[in-house]
Protein chains: 2
Amino acid sequence: MCQLLGMNCNTPTDIVFSFEGFRRRAGLTDSHSDGFGIAFFEGKGVRIFRDNQAGHSSPIADCVKQYHIKSFNVIAHIRKATQGEVTIENTHPFIREIWGENWVFAHNGNLTSFPDMSESFCQPIGSTDSEAAFCYMAEQLKNRFRKKPTEKQIFQVIQEITKELAQGGTFNFILSNGEWMIAHCSTNLHYITRKAPFGTAQRIDDDGVIDFRQHTTEKDKVTIITTFPLTKDEIWTKMEHGGFVFFKDGDKVYEVLGTPKEAIDDGTLGNAKAA
Amino acid sequence: MCQLLGMNCNTPTDIVFSFEGFRRRAGLTDSHSDGFGIAFFEGKGVRIFRDNQAGHSSPIADCVKQYHIKSFNVIAHIRKATQGEVTIENTHPFIREIWGENWVFAHNGNLTSFPDMSESFCQPIGSTDSEAAFCYMAEQLKNRFRKKPTEKQIFQVIQEITKELAQGGTFNFILSNGEWMIAHCSTNLHYITRKAPFGTAQRIDDDGVIDFRQHTTEKDKVTIITTFPLTKDEIWTKMEHGGFVFFKDGDKVYEVLGTPKEAIDDGTLGNAKAA
């Protein structure tokens, strides 16, 4: 299993506060040490950094921290390999072009059955279930719509494809085209939307503290999506099993509820440490 | 116009000596300051770093220098924008999945006519002629072969597609799938293969010196391809107008000669500084 981190905002935001807690789970406060990756949208472009070293100590992750890149949409992932070797090609997030846009995808879970994509137009490069699932999604979307449909249509079709793929196993994911971010919860996914009045927050993983008032304006909205909460003094929403949320400009635009459940123990629950 | 740098080897090699001279042309010894990018193959995966800042001063380029990544195949590009704004999505090298492989492409030139890809399966994300040409290439390859053909077939089809695209303007490029590297010269492209007995070399752009004997074994073969030579005391081969070369493991495997010509003045010639 792995852990996911996503950020969707209405203003370019520095994710370093969240990322610094998150990446401690890649070898220090947890054992997701089989590589990390982070993708920052910048307009239609993406800056993507991946390493097959553990996120907590990777020099590439240090480089990311140093530059304080601001973005409207960010997706990060720390890996605990279930399928596929610890190589760059098996490191999330994965990226594909769909309708002239960069689409970025990261998965937490394990699909024990998924479609054979070996003769598809969009094929996986590595050997993970995650990339195969994303390629299936991309192929289906391109086959159904030659040109980009509405956001509502996209959200609808993503749900249909997800339900099909989720029959193969655990399928938590975060997906973004740089304009919106879709989150699907199969077992564990949480989110929080920070907006005025802003306060302070303390990280779970190393007690780091931030006063958001020093970094924000009244209009800012910043949503953080993650496998398990990153701060101890804020209220995070736990997504329901089978639920979908569509975020844009930091706001929840569409939501499809799933089955409310107590946190499902997929083996990572002991590491949750949520307040 | 822009400048290109490629490396194809039979042993994982650190490109920093060449890259440090090359990136000085991005603002110091030349004016290719509209962003830079460098892609390192690592198995089937790719580490890609891009910045829309000038390569000579970009903190991302500093980060690349610091880690001394070793690779069999590297493609780098410094941009002097002709078409498309100075943004990440318009920054070479471009990357697409073809037959389950990462393909990386960088272009120097200017295509004033190129195919409309707006309803294709593979669409450009940015607004450069270069990315549109690469997408056309990817679409054609996937349409002609559902599964990966032989290297000889790939080289043949790339030539056909290139001749079609090159009717639209200047089209120097370097292309790699991580196993081989194809170079096409429209106006200016040079290469050198370094092998035993190794010697020393002095960079043109800052007089930096290297003794390759300290970094190599007898079996090593390293080919460097670049718009204009990077060293002053080695003999570089100038490719012919319309010529193609296919390199693998540092060796020239296939070559199609073009028209031998004196260097063609495409406006960058004054900056050649080759010995």
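What you see is a predicted model; the values in this text were computed from it and never measured.

(A) Quick look at the interface of chain A and chain B. Contact residues are listed per partner, giving 35 residues for chain A and 35 residues for chain B. When chain A packs against chain B, close to 3,200 Å² is buried across both sides, 56% of that on carbon and sulfur atoms. The largest per-residue losses of area from chain A upon contact with chain B belong to Phe121(A), Ile125(A) and Arg146(A), which jointly make up 24% of the total buried on that side. Our count for the contact surface shared by chain A and chain B stands at four salt bridges. Glu119(A) is the partner of Lys147(B) in a salt bridge, and the nearest nitrogen-oxygen pair spans 3.7 Å. The interface formed by chain A and chain B contains 22 residue pairs in polar contact (both at pLDDT 80 or more).

(B) Here's a closer look at the packing of aromatic side chains. Throughout the structure, instances matching the rule amount to 34 aromatic pairs over all chains. Counting every residue linked through ring pairs, the aromatic cluster contains Trp99(A), Trp103(A), Phe145(A), Phe155(A), Trp180(A), Phe244(A), Phe246(A) and Tyr254(A).

(C) Spotlight on the relation of the copies chain A and chain B. Between chain A and chain B, which share one sequence, the superposing operator has a rotation angle of 180° and an axial displacement of 0.0 Å; the RMSD is 0.0 Å. Interpreted geometrically, this transformation is the action of a two-fold axis. Interface residue correspondence from chain A to chain B reaches 100%, placing this contact among same-surface, isologous pairings.

(D) Representation of the nonpolar core in the model. Judged by nonpolar contacts, the single largest core of 46 residues is most densely connected at Phe19(A), Ile38(A), Phe49(A), Phe19(B), Ile38(B) and Phe49(B). Here Phe49(A) is in contact with Phe36(A), Gly37(A), Ile38(A), Phe40(A), Ile60(A), Val64(A), Ile69(A), Phe49(B) and Ile60(B), once residues within four sequence places are set aside.

(E) Fine view of helix α2 (residues 59–67) of chain B. Looking only at α2(B), the buried set comprises Ile60(B), Ala61(B), Cys63(B) and Val64(B). The buried side chains of α2(B) occupy one side of the element, clustering within an arc of 155° when seen end-on. If you follow the buried residues of α2(B), they end up packed against β3 (45–51) and α2 (59–67) of chain A together with α1 (16–22), β2 (36–42) and β3 (45–51) of chain B. Trailing α2(B) by a residue or two, His68(B) shows a phi angle of about 45°, which is positive.

(F) Representation of the pairing of strand β4 (residues 70–78) of chain A in the model. All names here are of chain A. In terms of burial, β4 is a largely internal element, seven of the nine residues being buried. Relative to β4, strand β1 (residues 3–14) runs antiparallel, the two being bridged by eight bridges. Bridging across to β4, Gln3 finds its partner in Ile78. Looking at chain direction, strand β2 (residues 36–42) and β4 are connected through five bridges and run antiparallel. Along β4, the bridge assignment pairs Phe36 with Ile78.

(G) Region of the structure containing the sheet that holds strand β1 (residues 3–14) of chain B. All names here are of chain B. In spatial order, the strands read β3-β2-β4-β1-β12-β9-β13; together these seven strands make up an open sheet with antiparallel pairing. For this open sheet the edge positions go to β3 and β13 (237–238), each flanked by a neighbour on one side alone. Pairing of β1 with strand β12 (residues 221–226) involves five bridges; the strand directions are antiparallel. If you follow Met7 over to β12, its bridge partner there is Ile224. Packing against the sheet, α2 makes contact with β2 and β3, and its axis sits at approximately 140° to β3.

(H) Here's a closer look at the sheet that holds strand β14 (residues 244–248) of chain A. Residues and elements named next belong to chain A. Across the sheet, which stays open at both edges, the six strands sit in the order β5-β6-β7-β8-β14-β15 with antiparallel pairing between neighbours. Pairing within the sheet leaves two strands with one partner each, and these edge strands are β5 (94–98) and β15 (251–256). Pairs of neighbouring strands in the sheet enclose a mean axial angle of 20°, with direction left out of account. The strands touched by helix α4 (residues 151–166) within the sheet are β6 (101–111), β7 (169–176), β8 (180–184), β14 and β15, with β14 carrying the most contacts at an inclination of about 145°.

(I) Just the pattern of salt bridges, in detail. Residues and elements named next belong to chain B. One pass over the full model with this rule turns up 38 salt bridges over all chains. For the salt bridge of Glu101 with Lys148, the shortest nitrogen-to-oxygen distance reads 2.5 Å. Here Glu101 is found in strand β6 (residues 101–111), whereas its partner Lys148 is found in the loop between α3 (129–144) and α4 (151–166), with 47 residues between them in sequence. According to the relative accessible area criterion, Lys148 is partly exposed, its value standing at 34%.

(J) Seen up close, the pairing of β15(A). Residue and element names in this part refer to chain A. Bridge count for β14 against β15 is five bridges, and the pairing is antiparallel. Within β15, the position partnered with Phe247 by the bridge is Lys252. Counting the residues that bridge the hairpin from β14 to β15 gives two residues, and of these Asp249 lies at a positive phi of roughly 50°.

(K) Structural view of the packing of helix α3 (residues 129–144) of chain A against α4(A). Residues and elements named next belong to chain A. The geometry of α3 relative to α4 is characterised by a closest axis approach of 10 Å and an angle of 140° between their N-to-C directions. If you check the angle between α3 and α4, you find them oblique. Crossing of α3 against α4: the hand is right-handed. Here α3 contributes Ala133, Tyr136, Met137, Gln140, Leu141 and Arg144 to the contact with α4, which in turn contributes Val157, Ile158, Glu160, Ile161, Thr162, Glu164 and Leu165. Residue composition of the contact of α3 with α4, by class: eight nonpolar, two polar and three charged.

Conventions we followed
- Residues numbered from 1 in each chain as written.
- Chains lettered and ligands numbered in written order.
- Predicted model: local features only at pLDDT ≥ 70, side-chain atom pairs only at ≥ 80, totals over all residues.
- Heavy atoms only, no water.
- Contact = heavy atoms within 4.5 Å.
- Buried area = accessible area lost by both parts, 1.4 Å probe.
- Salt bridge = Lys/Arg side-chain N within 4 Å of Asp/Glu carboxyl O.
- Polar contact = N/O pair within 3.5 Å; in protein donor to acceptor, adjacent residues only side chain to side chain.
- Phe/Tyr/Trp six-rings, centres within 6.5 Å; stacked < 30°, edge-to-face > 60°.
- Least-squares fit on C-alpha atoms with pLDDT ≥ 70 in both.
- Core = buried A, V, L, I, M, F, W, Y, C linked by side-chain atoms within 4.5 Å.
- Buried < 20%, exposed > 50% of the residue type's maximum accessible area, 1.4 Å probe, protein only.
- Helix = DSSP H or I, 4+ residues; strand = E, 2+ residues; numbered from the N terminus.
- Arc of directions from axis to C-beta.
- Pairing = 2+ DSSP bridges.
- Axes fitted to C-alpha atoms, helices over the stretch in contact; angles between N-to-C directions.
- Parallel < 35°, antiparallel > 145°, perpendicular 65-115°, else oblique.
- Left-handed = near helix turned anticlockwise from the far one by under 90°.
- Nonpolar A, V, L, I, M, F, W, Y, C, P; charged D, E, K, R; others polar.

Taken by themselves, the reported measurements are silent on function.
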